[in-house]
Amino acid sequence: MPRRIPASERTSQKLDELLSQGVADGDARAELLKLAVRKIVEEALEAEVAAAVGRGYYENGAPPGAGYRNGYRRGRLATAEGPIEYGVPQVADRAEPFASRVRASLAGRTAELERLAVEMFARGLSTRDIEAAFRDASGASVLSRTAVSQVTERLWQEYEAFAGRDLNEFAVAYLFVDGVAERLHAGLPREAVLCAWGITDDGQKVLLHLAPGTKEDTASCTAFFEDLKRRGLADPLLVVTDGAPGLIRAVETCFPRALRQRCLAHRLRNLRSKAPESRWPEIALRARGCYEAASSALATVLRDDFVQTYERELPAVVQCFSDDFDACIAHLRFPLRHRRVVRTTNLLERLFLEERRRTKIIPNAFGERPVLKLMYAAVIRAAERWRGIAGGEFEQRQLRAIRDELGRAHTERVAPAVTPRHTTPVRKLRADR
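Conventions used here
- Residues numbered from 1 in each chain as written.
- Predicted model: local features only at pLDDT ≥ 70, side-chain atom pairs only at ≥ 80, totals over all residues.
- Heavy atoms only, no water.
- Helix = DSSP H or I, 4+ residues; strand = E, 2+ residues; numbered from the N terminus.
- Expected span 1.5 Å × (residues − 1).
- Buried < 20%, exposed > 50% of the residue type's maximum accessible area, 1.4 Å probe, protein only.
- Arc of directions from axis to C-beta.
- Contact = heavy atoms within 4.5 Å.
- pLDDT = per-residue confidence, 0-100.
- Core = buried A, V, L, I, M, F, W, Y, C linked by side-chain atoms within 4.5 Å.
- Disulfide = S-S within 2.5 Å.
- Phe/Tyr/Trp six-rings, centres within 6.5 Å; stacked < 30°, edge-to-face > 60°.

Considerations on helix α8 (residues 218-230)
The end-to-end C-alpha distance of α8 is 18 Å, a good match for the 18 Å that 13 residues give at a rise of 1.5 Å each. Listed as buried for α8 are S220, C221, F224, F225, D227 and L228. Looking straight down α8, one finds its buried side chains confined to an arc of 150°; they lie on one side. Of the residues in α8, the exposed ones pointing more than 90 degrees away from the buried face are A219 and R230.

Here it is in structure tokens:
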């Protein structure tokens, strides 16, 4: 095998080595991403050089004036994952100096360059990173930091359109709501930014809203939900939240026809904080068995057994387990194939982790506008990779039946009480006289 091999092949070898070792931890995944980006860039540059000199890497017979490969120099791209170095192939002895069209295509304030800058910003690069990435051969920046800020401002326009769009088209069966604390203003405590996503009747996942909530109190959460309703969102069948009291009160006020599901991931964390470490495996097994029972009736039987077993020895655990119990098992009324998805807000938790990975690179970005712009960019791109859930005709029939049942129950709750009128039979009394 020739001693000299293309830079992209060396990168491929490193990728193979990494994949053979596994990429379970975060550092390995970050390295995998960096190597993948490096490989793509190197292959594009090498293909361009092959076309320019008229032959492959190991082939002879160069046309006159086409030149020859003359090694590599290092290119460098700064990203949120760290600097990514890649091989830039050099060409010598040409009738005309070789100029890379791949690199030249990034020169100037073209629409493609601006789109790429926005995408880089959305995927985790700071304005300083982007400015460093777009430097020409002389080292001058093709796109200044100020220009990057102006270009990425279109993300705010995208966010405003997203936050004001009509939601009538979405028949949402399951609504998930959670908040993440962000530092929106310098020198002030972190404030909640509320996020909502839903699963439609046909099983599609959709990001619905992202807005500052000041804190997860009743007023902020109610305003958040009222905005969703103003834009056309009908009552879902199930709303999934954590245990924030303000959020729960707002759900019950704004969506009176919906059931409420307490996030079981949060509830199990609550239970673990109150249980002795030595007893936790046993308690967790019994609690999960109850929460994930085949039916609500069986869950109630298992709850009573749990309470009877631990009420004297572990009263705090029993109190936590019994609190809001009906909301913990609400998912058991829904299609079996949906239950695992709708009993937690885990998807939002993963979404916030992705968002945090990107916002942490700009620690001094304060103010609702810059923070929301970056958060929106992160979450909407993560949401594009979501996969739906089973939404066949059988599940849809079940959802329609549940919707009808909840509608009738709501009608009965709000129907005015009718007091029968007792009228005096005047004519009969007169006849009796």
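Let's talk about unusual backbone geometry
In this model, D93 sits at a positive phi of 60°, which is unusual for a non-glycine residue. Mapped onto the fold, D93 is located in the loop between β2 (82-92) and α3 (101-104). Unusually for a residue other than glycine, D324 sits at a positive phi of about 55°. Inspection of the secondary structure assignment puts D324 in the loop between α13 (315-322) and α14 (325-328). On the basis of relative accessibility, which here comes to 21%, the residue D324 falls in the partly exposed class.

Examining helix α12 (residues 296-310)
Between its first and last C-alpha, α12 extends 21 Å over 15 residues, near the 21 Å set by a 1.5 Å rise per residue. Burial in α12 covers these residues: A299, F306, V307 and Y310. All buried residues of α12 project into a common sector of 95° when viewed along the axis, lining one side. Residues of α12 that are exposed and point more than 90 degrees away from the buried face comprise A297, V301 and Q308. Residues of α12 that are buried make contact with α11 (280-291), α13 and α14.

Some points on the confidence of the model for the protein chain
It should be kept in mind that the predicted coordinates are not to be read in detail where pLDDT is low. Averaged over all residues, the pLDDT of the protein chain is 79; the fraction at 70 or higher stands at 75%. Predicted confidence is poor over residues 106-110, with pLDDT under 50, and the contacts of this stretch with residues over four places away or in other chains come to 13 contacts.

Brief notes about the side chain of R343
Tracing the chain through its elements places R343 in the loop between α15 (339-342) and α16 (346-359). Classification of R343 by relative accessible area gives buried; the value is 15%. Aside from chain neighbours lying at most four places away, what touches R343 is V240, Q261, R262, C263, L264, E292 and H331.

Section: the nonpolar core
Among the nonpolar cores identified, the biggest contains 62 residues, and Y159, Y174, L175, L207, L208, L210 and F225 are the most heavily contacted of them. Here this core gets eight residues from one element, more than from any other, and that element is helix α17 (residues 368-383). Discounting chain neighbours no more than four positions away, the residues touching F225 are L175, V177, L247, A250, V251, C254 and F255. With 24 residues, the next largest nonpolar core counts L271, I283, C320 and I329 among its residues.

Observations regarding the state of the cysteines
The full count for this structure, using the stated rule, is zero disulfides. The thiol sulfur of C263 is not disulfide-bonded, and the nearest other cysteine sulfur, from C328, lies at 9.5 Å. According to the relative accessible area criterion, C263 is buried, its value standing at 1%.

Quick notes on the packing of aromatic side chains
Enumeration according to the criterion identifies 13 aromatic pairs in this entry. When the centroid spacing of 5.2 Å and the interplanar angle of 50° are considered together, the rings of W197 and W386 count as tilted. Here W197 is found in strand β4 (residues 191-200), whereas its partner W386 is found in the loop between α17 and α18 (393-414), with 189 residues between them in sequence. Residue classification places W197 among the buried positions, given a relative accessible area of 1%. Aromatic pair F306 and F321: ring centres 4.0 Å apart, planes at 25°, arrangement stacked. Placement of F306 in helix α12 and of F321 in helix α13 is noted, with a sequence separation of 15 residues between them. The buried category is assigned to F306, whose relative accessible area is 1%.

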